Amino acid sequence: MLAVLVAITAWAWVAVDVDLGALARNFSNAQNTLVQLFQPDYSFFGETLQPLLETVQMAVIGTAVGCAVSLPLSFLASRATNPNGPLLGFVRTVMNVVRSIPDLLYASIFVTVVGTGALSGVLSLFLFNLGIMVKLVSEALDGVDRGGQEAALASGATWLQADRAAMLPEVAPQYVSQTIYVLELNIRASTVIGLVGAGGLGMLIDRVRTFYQYHYLSLVILEILVLVLLLELLSSAARKRLVR
Amino acid sequence: MSAPTLAAPRPTTTQDRPRKPAHVGRKVLWLVVVAVVVAAFWGVDISWDALWDMPGKLWHYLGLMFLPPAWSQLPAALSATMLSVAMAWFGTALGVVISFPLSLLATRGLAPVAVRWPLRAVFALLRAVPEVVIAVLMLSVTGLTAFTGALAIAIGSVGTLGKWGYEAFEAVDGGATEAATAAGASRAQVMRWGVWPNAAPEVLAFWLYRFEISVRASAILGLIGAGGIGKMLVDNIQFRVWDVVGILMLVVVVVTMLIDQISGTVRHRIITGRWEVPVVTALRRRSVRAARLEASPSVLEDESRDGTVG
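Just so it is clear, the structure is predicted and the values come from calculations on it, not from any experiment.

Participant: Before we move on, could you go through the overall build of chain B and cite the residues and values that matter?
Facilitator: Each helix and strand counted, chain B has 12 helices and zero strands in total. Tracing chain B from N to C terminus, the helices and strands come up as α-α-α-α-α-α-α-α-α-α-α-α. By residue count, 35% of the 310 residues in chain B fall in the buried class. Put simply, 71% of the contacts in chain B that link residues at least 6 apart link residues at least 24 apart.

In structure tokens:
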């Protein structure tokens, strides 16, 4: 067992072409960069405001639309709420495919299809969210106690009515909590997808890094950091309340 | 003696239902959420008209990609994928080696506060910065190579693995630790014999799970030029060689799903101690259900219908 793991790691070592020499050789280079990084240029703040706002807007829109669309889809993707086998399999397969494509790949494709800007960002965040939300919520549905649903079905409700009346209230807290979690992921993702031209802070990062303006770069990173940490605090507080 | 008479049904008093609680706070919260969403839609610099011809365009490009994909590029795509996976594996392994001692040092009860909190802050910091940004920062040192990607993944995984690690160690039942301490174990011995055996399955599963995340991350890192499948993708997207993009996407999807399945199966084995291969289990479950159905068809009618796909 251990031998297998070591073998894989050795293979990876060779494939990745580990070059410790480069680390040593370019260290002075790194020193300059680091010095610049630790001196963020706050005068750049004004210029970062617009992309920062755009990042948040993209994340909010992506989350809102993605989570709204994912709710009916997760009911279709859970064995507990969808009695129709073939449909269940179809929805699950499609969602598996949607989920296994990374967000940055969506972004780079949408940038070529609809052009650079926030729209391609929103679209890729939407698909990214859909994948995650449907998985999390349908798994929550699988775990829900089905007594209420059974009672509703026995009293003559259709599957739609039973799911609406008995299953939706059961998963509602988890749904909201996952939505907040996805918003958090989105803020993170939307800072990045700009690197390929999909709007937001990422586009700014791409611009300043091509000109090696590490003073500016560190300010942008600092902003991302503050944004992400703030949201993480907010979301963990909110989720703690929901779960209780 | 009069026969006991049944009491006449009591006239139902028309009593109002209790009023629903007002939930003012919740309503205000909803209003704020709706306002934020509307404001985002309003303020964002998007011409939504572009959405109208989007489906047509998307269809067109999907046709270019998959009708048919460039099968001739499959070997190249697979070797690029191997590089991405190697990057993910090496990065994760390095992350494991670095994060393991650090997460022990960040565990309550095993290390003093002065060590614990700075470490936790570092983990939080590393988690907050996306891997791609870490890679962008490291470009100046190691250049645009797969090694840079692997290092970025390593640094990123130190953040997540460190946090999961100390959480798992803190969740360990105190009995064994206490016994080890009582028997005169040193701090290192307590970690080795009191904490590790209890937390090992969970921590191992986390390592594997992190590898799954790293596989995705390595594809993304390629997109900014750090080699592997992502680099091949972005090159072909830039030059609009769509049929190659198609095959690359197929490879990404299949490989990611495959690795998730394998890793998920192994994780399941680590946690529960049983092998449960997805397809086999689904088939077995189905045949069990069919057998039960034969025994008593009427009862299980509903269940047999929803068990088609695993």
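Structure shown, so let's carry the discussion forward.
Participant: Which residues make up the overall build of chain A, and what values go with them?
Facilitator: Secondary structure assignment for chain A yields 11 helices and zero strands. The helix and strand sequence of chain A, counted from the amino end, reads α-α-α-α-α-α-α-α-α-α-α. For 244 residues, the compact-globule formula gives about 18 Å, and the C-alpha radius of gyration of chain A, at 23 Å, lies well above that figure. With the principal axes as the frame, chain A shows a C-alpha extent of 75 × 55 × 40 Å. Taking all 244 residues of chain A together, 45% fall into the buried category.

Participant: Give a detailed account of unusual backbone geometry, specifying residues and quantitative values.
Facilitator: All names here are of chain B. For the peptide bond that leads from Leu 67 to Pro 68, omega is -15°, which places it in the cis range. As for its position among the elements, Pro 68 is in the loop between α2 (54–66) and α3 (74–105). Unlike most non-glycine residues, Arg 240 shows phi in positive territory, near 55°. Among the secondary structure elements, Arg 240 is positioned in the loop between α9 (229–238) and α10 (242–272).

Participant: Please set out the UniProt feature "domain: ABC transmembrane type-1" (unreviewed entry) in chain B residue by residue, giving values where relevant.
Facilitator: With numbering aligned to this structure, UniProt lists the feature "domain: ABC transmembrane type-1" (unreviewed entry) at residues 81–263 of chain B. Here residues 81–263 of chain B runs as 85% helix and 0% strand, with 17 Å between its end C-alpha atoms.

Participant: An account of the confidence of the model for chain B is requested, with residue identities and associated values reported.
Facilitator: Residues and elements named next belong to chain B. Mean pLDDT for chain B: 81, with 89% of residues reaching 70 or above. The secondary structure element of chain B with the lowest average pLDDT is helix α12 (residues 301–305), at 45, and the one with the highest is α3, at 90. Segment residues 299–310 is flagged for pLDDT under 50; beyond a separation of four residues in sequence, or across chains, it makes 25 contacts in the model. With pTM at 0.78, the complex prediction returns an ipTM value of 0.76.

Participant: Hey, could you go over the packing of helix α5 (residues 131–142) of chain B against helix α8 (residues 187–223) of chain B for me, with residue numbers and the actual values?
Facilitator: All names here are of chain B. Following both chains from N to C, one finds α5 and α8 inclined at 45°, their axes separated by 10 Å at the closest point. By the angle class used here, α5 and α8 are oblique. Helix-helix and strand crossings are classified by hand; for α5 and α8 the assignment is right-handed. The residues of α8 that touch α5, namely those facing Glu 131, Val 132 and Ala 135, are Ala 217, Ile 220 and Leu 221. By residue class, the composition of the contact of α5 with α8 is five nonpolar, no polar and one charged.

Participant: How would you summarise the environment of Pro 72 of chain A if you had to cite specific residues and measurements?
Facilitator: Relative to the assigned elements, Pro 72 of chain A resides in helix α4 (residues 45–76). By the C-beta count within 10 Å, which is 12 here, Pro 72 of chain A ends up exposed.

Participant: Explain the UniProt feature "domain: ABC transmembrane type-1" (unreviewed entry) in chain A to me, and be specific about the residues and the numbers.
Facilitator: Listed under "domain: ABC transmembrane type-1" (unreviewed entry) in the UniProt record, and renumbered for this structure, are residues 52–235 of chain A. The annotated region residues 52–235 of chain A carries 83% helix and 0% strand content, and the separation between its end C-alpha atoms amounts to 19 Å.

Participant: Requested: an account of the interface of chain A and chain B, with residues and values cited.
Facilitator: The interface is formed by 56 residues belonging to chain A together with 52 residues belonging to chain B. Looking at the side of chain A that touches chain B, the element that brings in the most residues is helix α5 (residues 85–100) of chain A, giving eight residues. Residues belonging to the side of chain A that touches chain B are distributed by class as follows: 36 nonpolar, 13 polar and seven charged.

Participant: Describe the UniProt feature "transmembrane region" (unreviewed entry) in chain A, and please don't skip the residues or the numbers.
Facilitator: Residues and elements named next belong to chain A. Those places that UniProt annotates as "transmembrane region" (unreviewed entry) correspond, in this numbering, to residues 104–128 and 211–234. The straight-line gap between the two end C-alpha atoms of residues 104–128 is 9 Å; of that span, 88% is helix and 0% is strand. Span residues 211–234 is 88% helix and 0% strand, its end C-alpha atoms 35 Å apart.

Participant: Explain the domain arrangement of chain B to me, and be specific about the residues and the numbers.
Facilitator: Here the domain parsing of chain B yields domain 1 (71–276) and domain 2 (277–310). Using only C-alpha atoms to locate each centre, domain 1 of chain B and domain 2 of chain B end up separated by 37 Å.

Participant: Describe the environment of Met 82 of chain B, with residues and values.
Facilitator: Residues and elements named next belong to chain B. Structurally, Met 82 can be placed in helix α3. You can call Met 82 partly exposed: it has 16 C-beta atoms within 10 Å. Remark: the alpha-carbon pair of Met 82 and Arg 120, spanning 38 residues in sequence, is separated by 34 Å.

Participant: Just give me the short version of the nonpolar core, but keep the residues and values in it.
Facilitator: Counting residues in each nonpolar core, the largest one holds 144 residues, and the members touching the most others are Val 220 of chain A together with Leu 248 of chain B. Apart from the residues lying within four places of it in its own chain, the contact partners of Leu 248 of chain B are Ala 77, Ile 229, Met 232, Leu 233 and Asn 236 of chain B.

Participant: I'd love a proper account of the packing of helix α4 (residues 113–128) of chain B against helix α6 (residues 146–170) of chain B, names of residues and values included.
Facilitator: Residue and element names in this part refer to chain B. Packing of α4 against α6 brings their axes to within 8 Å, and their N-to-C directions diverge by 130°. One element, α4, and the other, α6, form an angle in the oblique class. For the crossing formed where α4 meets α6, the hand is left-handed. When α4 is examined against α6, the residues Phe 123, Leu 126 and Arg 127 are found in contact with a partner set consisting of Ile 155, Gly 156, Val 158, Gly 159, Thr 160, Gly 162 and Lys 163.

Participant: Residue-level account of α9 of chain B, with values.
Facilitator: All names here are of chain B. The buried fraction of α9 amounts to eight of the 10 residues, a majority that puts the element mostly inside the structure. Among the residues making up α9, those that are buried are Ile 229, Gly 230, Lys 231, Met 232, Leu 233, Val 234, Asn 236 and Ile 237. Backbone geometry just downstream of α9 places Arg 240 in the positive-phi region, at approximately 55°.

Participant: Outline the UniProt feature "transmembrane region" (unreviewed entry) in chain B, supporting the account with residue identities and numerical values.
Facilitator: Residues and elements named next belong to chain B. Per the UniProt entry, the sites bearing "transmembrane region" (unreviewed entry) are residues 28–46, 86–111, 132–155 and 241–259 in this numbering. Note that residues 132–155 is 88% helix and 0% strand, and that its end C-alpha atoms are spaced 11 Å apart. Strand forms 0% of residues 241–259 and helix 95%; the C-alpha atoms that close the span are 27 Å apart.

Participant: Give me the lowdown on the environment of Gly 273 of chain B, citing residues and values where you can.
Facilitator: All names here are of chain B. Its place among the elements puts Gly 273 in the loop between α10 and α11 (278–295). Classification of Gly 273 as exposed rests on a count of 8 C-beta atoms within 10 Å. Separated by 46 residues in sequence, Gly 273 and Gly 227 place their C-alpha atoms 37 Å apart.

Reading the values: the criteria
Residue numbers run consecutively from 1 along every chain, following the written order of its sequence. Labels are handed out in written order, letters beginning with A for the chains and numbers beginning with 1 for the ligands. At least 70 in pLDDT is required for a residue's local features to be given in this predicted model, at least 80 for side-chain atom pairs to be given and counted, and no such filter applies to totals for whole chains, interfaces and linings, which use all residues. Put simply, DSSP H or I for four residues or longer makes a helix, DSSP E for two residues or longer makes a strand, and each gets a number counted from the N terminus. Put plainly, a residue is buried at 20 or more neighbouring C-beta atoms within 10 Å of its own, exposed at 12 or fewer, and partly exposed in between, counting only other residues' C-beta atoms, which are placed from the backbone. Contact between two residues is assigned when their C-beta atoms, built from the backbone, lie within 7 Å. For the radius of gyration, the atoms used are the C-alpha atoms, and the globule rule reads 2.2 Å times the number of residues raised to 0.38. UniProt positions are given in the numbering used here, feature names are shortened, and annotations may be inferred rather than shown by experiment. One number per residue, pLDDT, summarises how confident the predictor is, and it ranges from 0 to 100. Fitted lines through C-alpha atoms serve as axes, helices being fitted only where they are in contact, and the angles separating the N-to-C directions of these axes extend from 0 to 180 degrees. Any angle between 65 and 115 degrees counts as roughly perpendicular, while under 35 counts as roughly parallel, over 145 as roughly antiparallel, and the rest as oblique. Should the near helix be turned counterclockwise from the far one by less than a right angle, the crossing is left-handed, whereas a clockwise turn marks it as right-handed. Only Asp, Glu, Lys and Arg are considered charged in this grouping, and only Ala, Val, Leu, Ile, Met, Phe, Trp, Tyr, Cys and Pro are considered nonpolar; every other residue, Gly among them, is considered polar. For each domain, the first and last residues come from an automatic or database assignment. By definition, a nonpolar core groups buried Ala, Val, Leu, Ile, Met, Phe, Trp, Tyr and Cys residues that connect through C-beta atoms lying within 7 Å of each other.

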